[in-house]
Amino acid sequence: MKLHFPRRYLGAFLLPAVLFAGMTAQAEQITVSCGAVGMELRLCEASAEAWASKTGNEVRVVATPNSSTERLALYQQWLAAGAQDVDVYQIDVIWPGLLANHLIDLRPYSKGAEDAHFKSIVDNNTVDGKLVAMPLYVDVGLLYYRKDLLERHGLAVPTTWAELTQTAAAIQAAERAAGNDKMWGYVFQAKTYEGLTCNALEWVASYGGGSFVDDQGRVAVPNPNALQALQTAAGWIGTIAPKGVLNYAEEQARGVFQAGQAVFMRNWPYAWTLLNSADSPVRGKVGVVALPGGGADQPSRSALGGWQLAVSRYSRHPELAADLVMFMTSAEQQKRRAIEGGYNPTRRALYRDPDIVRAQPFIARLEDSVSSAVARPSRVTKGQYNRVSVAVANSVHAALSGRSTPEEALKTLGAELKRMSRRGWR
């Protein structure tokens, strides 16, 4: 194994690259840019090495910054320059619309493989009729709860936001009356950032309010259902959720919940392993289900997260690069990622695979949440999505913090989004 540092990018956050060599003298070299968080890089290297051994080609694996913001900036720098050094990019679920013009259509190479993946993810990765990325693994928002507390107080796991509000308030009051004055009912991500956009989308969609921008690019707020969702969420602050939640991202919410100071938490699947680690105060006391819905006829909707693989249109070897993408997103490789790293597959059939269920029973519980996940409006808003997300987070935060009413916040958001879309999303 040889360490390789491309001279051209040493000043642009590039981490060491790893070279895997095939066996033939005529081997072509394909470069793939992978994440380096947790086990991501090791699993990427293993898949790349397996493909290299199978095809007789070479794969150079480039590890990028952990920060998705820094990674996107680096990708945009490379792609804007038409760089041919990287063939395959690992991209966030909200980047297909933003980067689509620099990526090839994978349908000519997929042989229908996309049909085995969850439709919502494939739709998210399809821009102007082009399948610009293949799903690698998926994340969804989930509801974590204290099994022991619900059992102690004789209450059921809530299935609607109204039930969550009532149950959280009841257990919080009872626990505080018993001397646990640090107990809160619900913690989530309400800091002004992308995580709040995800939470807000889940609330609005689960109440039947759609997205903030619909699939045709039309601004969808304000509407009565979105208003009901935001009024409900605003009512949590200072009652069942601490005012400090207005500065919580994922880890702050997990810290409070894992310390035993909250009944319910909204977070991503990554939290499960940490909550059940050997030194966790809540180990063995936590359950997880789909997020609540708005009502009996308004089902749960989780924000779609996760990562994809895409091929640069500047690649010298697009066919080989596409073949590597299909290999790394295959059922065999996704199964290995699930068993070894706990990464959630994007192929529906794998949620019932006996080997995965045995090794990672948590994953088997996620199928319904993944199948009903709602994508952020990044595909349709394209290069303006970051501005859209900032506008959503700012307006929702204003309503949660009491700086504006939910009605005012949605009216302001709708007007701002309409200004953005006046000349079309581009």
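**Student:** Would you take a moment to explain the layout of surface pockets for this structure?
**Tutor:** Rolled over the atoms, a probe with the dimensions of a water molecule shows which regions are left empty. Considering only enclosed or pocket space, the largest pocket measures out at about 1,500 Å³ in volume. Along the walls of the largest pocket sit 48 residues, with Tyr 137, Asp 139, Trp 268, Tyr 270 and Trp 307 positioned nearest its centre. Element by element, the count of residues in the lining of the largest pocket is highest for helix 18 (residues 385-401), at five residues. Residues that form the lining of the largest pocket fall into these classes: 21 nonpolar, 18 polar and nine charged.

**Student:** I tried to follow the nonpolar core on my own but got confused; where do I start?
**Tutor:** Judged by nonpolar contacts, the single largest core of 132 residues is most densely connected at Tyr 144, Trp 203, Leu 400 and Leu 417. At eight residues, helix 18 tops the list of elements feeding residues into this core.

**Student:** Just to check I follow, could you spell out the pairing of strand 13 (residues 304-311) for this structure?
**Tutor:** Working note: regular strand, side chains alternate between the two faces of the sheet. Within strand 13, eight of the eight residues are buried, leaving the element largely enclosed by the surrounding structure. On strand 13, burial covers both faces: Leu 304, Gly 306, Gln 308 and Ala 310 on one face and Gly 305, Trp 307, Leu 309 and Val 311 on the other are all buried. Where strand 8 (residues 134-140) lies against strand 13, six bridges are found, and the strand directions are antiparallel. Residue pairing in the sheet places Val 138 in a bridge with Gly 306 of strand 13.

**Student:** How do you make sense of the confidence of the model for the chain when you look at a structure like this?
**Tutor:** The predicted coordinates should not be examined in detail at positions where pLDDT is low. Per-residue confidence for the chain gives a mean pLDDT of 93, with 94% of residues at or over 70. Segment residues 1-25 is flagged for pLDDT under 50; beyond a separation of four residues in sequence, or across chains, it makes 58 contacts in the model.

**Student:** Sorry if this is basic, but what is going on with the side chain of Asn 223 here?
**Tutor:** By secondary structure assignment, the location of Asn 223 is in the loop between helix 8 (194-206) and helix 9 (224-234). Within polar-contact distance, the side chain of Asn 223 engages the backbone oxygen of Gly 209 at 3.1 Å. Within polar-contact distance, the side chain of Asn 223 engages the backbone nitrogen of Ala 226 at 2.8 Å.

Reading the values: the criteria
- Residues numbered from 1 in each chain as written.
- Predicted model: local features only at pLDDT ≥ 70, side-chain atom pairs only at ≥ 80, totals over all residues.
- Heavy atoms only, no water.
- 1 Å grid on protein atoms, 1.4 Å probe; cavity = no way out; pocket = protein on both sides within 12 Å on 5 of 7 lines; lining within 4 Å.
- Points joined across faces, edges and corners; volume = space filled by probe spheres on them.
- Helix = DSSP H or I, 4+ residues; strand = E, 2+ residues; numbered from the N terminus.
- Nonpolar A, V, L, I, M, F, W, Y, C, P; charged D, E, K, R; others polar.
- Core = buried A, V, L, I, M, F, W, Y, C linked by side-chain atoms within 4.5 Å.
- Buried < 20%, exposed > 50% of the residue type's maximum accessible area, 1.4 Å probe, protein only.
- Pairing = 2+ DSSP bridges.
- pLDDT = per-residue confidence, 0-100.
- Contact = heavy atoms within 4.5 Å.
- Polar contact = N/O pair within 3.5 Å; in protein donor to acceptor, adjacent residues only side chain to side chain.

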